[in-house]
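Coordinate inspection notes
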Amino acid sequence: MEHPRYGQPHALPPRVQNAISRVMTACADGLAHPVRQALAGLREEMPLMIGNPMAMKREIIVFAHCKQLSVRCGEVLPALLECIEQELIAIRDHGNGPQQSELWSSSDSWTLADAGDDVAPPQAEGIGQVTNQCKLPLYLLGQRFGVLAGAPAFDADRIPVGPRRLIHALEAASRRVFGDDFPHMLVTDAIARALFHDYPALVNRINKELEGASILPGLTFIPSLKRAATPERPPAVDMAAAVATIAAMPAQDSTGWFEQPGHEGRDRSVEVRSATDFAHARSLLAKAKGHMPGPSGAHVQLPPHIVSEMLDSLSAHDASGRPLGIRHLHDELKARAKSLPGGAAQLSKQQSDSIELLGMLYDAVCHDMRAQSAATELLKRLQIPLLRMALSGQEFFEQTTHPGRQIMSRVAESGATIADEADADPQFDAALAHAVDRVEQEYHGDGAVLENIHQELADAHQAHAQRSEAVERHQIEASRGQERIVIARNAAQALLDEKLAGITLRPQVELLIRTAWQDALTFVRLRHDDHSALWQRHERLTGRMLQVVAATDPIEDVDLRDSIFEILKRTGYHSEEANEVAETLSRSAGLPRTGARMSMTELVTLIRARPRFGGSSKTLQLAEEMPEPRNAREEECYRHLSTLPFGCWLDFTINQQGEVRRRRLSWYSRITGNALLVNRRGARIAEMQLDQLARLMAAGQMRVARKHEMSLLDRAWTSTLGTLESLGKLFLRPAAVAS
């Protein structure tokens, strides 16, 4: 049977055919390099596996397999693309099309792994990692494939070009090319490793192709439920409300990881500056010089190709090897223009203004960068290409999306003073250096070349964001685990408070109940809710225990003792400790402890010195250190912080010199008041209380970064225009006084 060629699927609407053609083009381009690279490496490694039992990986490898791989490896990529195309063509043929996983399912069906999963463990691990890394792009892709199929959105495992389906397509292509007797696992593993390395770029490109085909254009976020209103400090006994509060906390905003999510800010003292056109900037520059812009003098403007040749001949260093600034380069350009035959041709007034504005912008950017950072050196190497961009037109100053402006911005951000060395990502720094190399060597005024370099750097920046997000996710899960422990501890404490109300016990016995037995209750409550049979059994044991220890008659409950002993051992107590506590809590005061190895004082001292389960967390320690109460200003700041979405960036003043460090408020809990702060790599920087943050904000030592100030380049441009306005007013003031 002859399969249709790319772009010619049958029995599908024209719009779907066009979308599938775009997907196939993206797959053909994105899969070519990893497949060829993996097969080339496998051709070199496979002969070394012959006769090596450790390298056979379940299958015997012979010389015939090596020869077969060498002869037919070129057929793997076409076969793989054909398998993908077959799935895409049949996207509407499945009556029970791919469905999203149900939000709720019976606990009877929960398993640690899919029983019918036929993916090898290494591949399964890679699928899990790349699925987590590309969670948002795969979600968007699933939504778009749902539109193509005329069905509900696909989950990641059902997307025809998703990680799991690609593994199955790889195995099918290998069998189609090499036959059933070939060790297909070697081919699949090798290609999967190479493919997963480049997969984020592939899935992003497929999303762009589908968006270009008008399949859900503008879809950029995951919808989330709004947070329900909750009391600031809910009672510890209301565990249902506490769990509901956790589920209803704000989700990450739809913006990029490095961007400031939108929120209703309290501090709106600075309005977002509207885009300033180039003519207005030139007007401000003229006023700052003390005169208004007028017609240029009688001179001949240098032709663009002459200007380009002059820029090509410029050097960013002087004769001594010291780097030159943009103003020095400007003077060099003017000197070379005068040295041309005739001497009448000059840079135009607009070109001179462009260079002066660029010089001021460049100085403002460097002022906010670390002097010894690698980004400072990269920015110096960009001076001549930046001159070329500024002289090529006013778009560099007016369009924030200009590719050269974006490259300059990303280089500057990597060395900004608001970040420190720990924020640097080595992989992204390498991508920055590569981009600057390409700009120096390849860019000579061609906008397409600049856009290509910018797109490559944008992909590296997105991969940087995905790595940071993955690291941050682990930190958030750890913080949420601490929160769950606090909730369980509060539930155990609330149960004991309820049971002990109106009961008078010996101080030593009550201390054992408030420590050892509370640890056991916390351990159980952490894993089971208050309606579970196990928690209710522990409630009954607690009631029976208090009934026994409070009795006036001599009572000993052997079954109760055995139960307490086993429970404390599961909680982490040593056998001797658990036995002594069980002996004490299973008999009344009127019945002396027989056969005890330690006195009551020794037992109490031992248990008191033991760390409490969930009681040594930083959350509780920080909460205990908080001074009370907050004043009106601090209370206002606290309420403002409690409304921020997760992922807000905060600026902290770290010393008396006013140096600022930017940190991300990744997660916080209104139950415990704990807040998690990470850096640009997603690494944990600090755990603080919202109360602490509110007090810092009230004291002016911390503020929420404004959305329009997130980019160093935008801040520098705003500062440049402000400086020009101030200088212009100084020139106007004497004239006003004279009049």
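Bear in mind the structure is a predicted one, so any value in this text is a computation, not a measurement. Counting of residues starts from 1 at the beginning of each chain's written sequence and follows it residue by residue. Residue-level local features of this predicted model are given only where pLDDT is at least 70; pairs of side-chain atoms are given and counted only at 80 or more, and the full residue set underlies all totals for whole chains, interfaces and linings. Values shown for side chains rest on all heavy atoms present in the structure; no hydrogens or waters enter the calculation.

Moving on: the overall build of the protein chain. Secondary structure counts use DSSP, requiring at least four H or I residues in a row for a helix and at least two E residues in a row for a strand, with both numbered from the N terminus. The helix and strand tally for the protein chain stands at 27 helices and seven strands. Split into buried and exposed, the 739 residues of the protein chain put 46% on the buried side. A separation threshold of at least 6 residues defines the contact pool for the protein chain, and within that pool the share at least 24 residues apart is 74%. In the structure as shown, the protein chain presents an accessible area of about 37,100 Å², 53% of it carried by carbon and sulfur atoms. Residue exposure (1.4 Å probe, protein chains only): buried if accessible area is under 20% of the type maximum, exposed if over 50%, otherwise partly exposed. By definition, residues are in contact when any of their heavy atoms lie within 4.5 Å. For accessible areas, the Shrake-Rupley method is used with a probe of radius 1.4 Å. Any residue's cover is judged against the shown protein chains and nothing else.

Next up on the list: the sheet that holds strand β7 (residues 702–704). Should DSSP find at least two bridges between two strands, the strands are taken to pair. A sheet is described by the order of its strands in space; here five strands give the open sequence β6-β5-β4-β3-β7, paired in antiparallel fashion. With one partner strand each, in any of the chains shown, β6 (684–689) and β7 form the two edges of the open sheet. Between one strand and the next, the sheet's axes are offset by a mean angle of 35°, whatever the strand orientation. Axis definition: a line fit to C-alpha positions, over the contact stretch in the case of helices; interaxial angles, taken between N-to-C directions, run 0 to 180 degrees. Sheet strands touched by helix α26 (residues 690–698): β3 (648–653), β4 (660–668), β5 (674–678), β6 and β7. Its angle to β6, the strand with the most contacts, is close to 90°.

Looking along a regular strand, one sees the side chains alternate between the two faces of the sheet. The element β5 is extensively covered by neighbouring structure, given that five of its five residues are classed as buried. Burial of the side chains of β5 extends over both faces: Asn-674, Leu-676 and Val-678 are buried on one face and Ala-675 and Leu-677 on the other. Across four bridges, the pairing between β4 and β5 is antiparallel. Paired with Tyr-668 across the bridge in β5 is Ala-675. Once β4 ends, the chain turns through five residues before running back antiparallel as β5, passing Gly-673 with a positive phi of about 80°. Where β5 lies against β6, five bridges are found, and the strand directions are antiparallel. Residue pairing for β6: Leu-677 is matched across the bridge by Ala-686. In this antiparallel pair of consecutive strands, β5 and β6, the connection spans five residues, and Gly-682 shows a positive phi of 85°.

This paragraph deals with the pattern of salt bridges. Any carboxyl oxygen of Asp or Glu within 4 Å of a side-chain nitrogen of Lys or Arg constitutes a salt bridge here. Counted according to the given criterion, the structure contains 43 salt bridges. Of the charged contacts in the structure, one is a salt bridge between Asp-562 and Arg-561, with a shortest N-O distance of 3.6 Å. In the salt-bridge network here, residues are joined through shared partners; they are Arg-630, Glu-634, Glu-635, Arg-639, Asp-691 and Arg-695.

Here we come to the packing of aromatic side chains. Each pair of aromatic rings taken from Phe, Tyr and Trp, with Trp reduced to its six-membered ring, is defined by centres within 6.5 Å and is described as stacked if the planes are under 30 degrees apart, edge-to-face if over 60, and tilted in the remaining cases. Per the stated rule, a full pass over the model turns up eight aromatic pairs. Judged by centre distance (5.5 Å) and plane angle (85°), the rings of Trp-257 and Trp-649 are edge-to-face. On the criterion of sequence distance, the pair formed by Trp-257 in the loop between α8 (239–247) and α9 (278–289) and Trp-649 in strand β3 is long-range, its members being 392 residues apart. For Trp-257, a relative accessible area of 4% gives the class buried.

As a further point, take unusual backbone geometry. Within the chain, Ser-214 stands out as a residue other than glycine whose phi angle is a positive 65°. Structurally, Ser-214 can be placed in the loop between α7 (184–212) and α8. Owing to a relative accessible area of 41%, Ser-214 belongs among the partly exposed residues under this scheme. Of note, Leu-216 is a non-glycine position whose phi angle comes to about 50°, a positive value. Tracing the backbone through its elements, the reader meets Leu-216 in the loop between α7 and α8.

This paragraph deals with the confidence of the model for the protein chain. Of all residues in the protein chain, 80% have pLDDT values of 70 or greater, and the mean over the chain is 79. When the criterion is pLDDT under 50, residues 1–9 qualifies, and its contacts beyond four places in sequence or with other chains add up to 16 contacts. As a per-residue quantity, pLDDT reports the predictor's confidence and falls between 0 and 100. Across residues 222–254, where pLDDT falls below 50, the model places 54 contacts with residues more than four positions away in sequence or in other chains.

All right, on to the environment of Glu-576 then. For Glu-576, the location among the structural elements is in helix α22 (residues 575–585). Separated by 22 residues in the primary sequence, Glu-576 and Met-598 have C-alpha atoms spaced 9.8 Å apart. Ignoring sequence-local partners within four residues, the contact set of Glu-576 consists of Arg-597 and Met-598.

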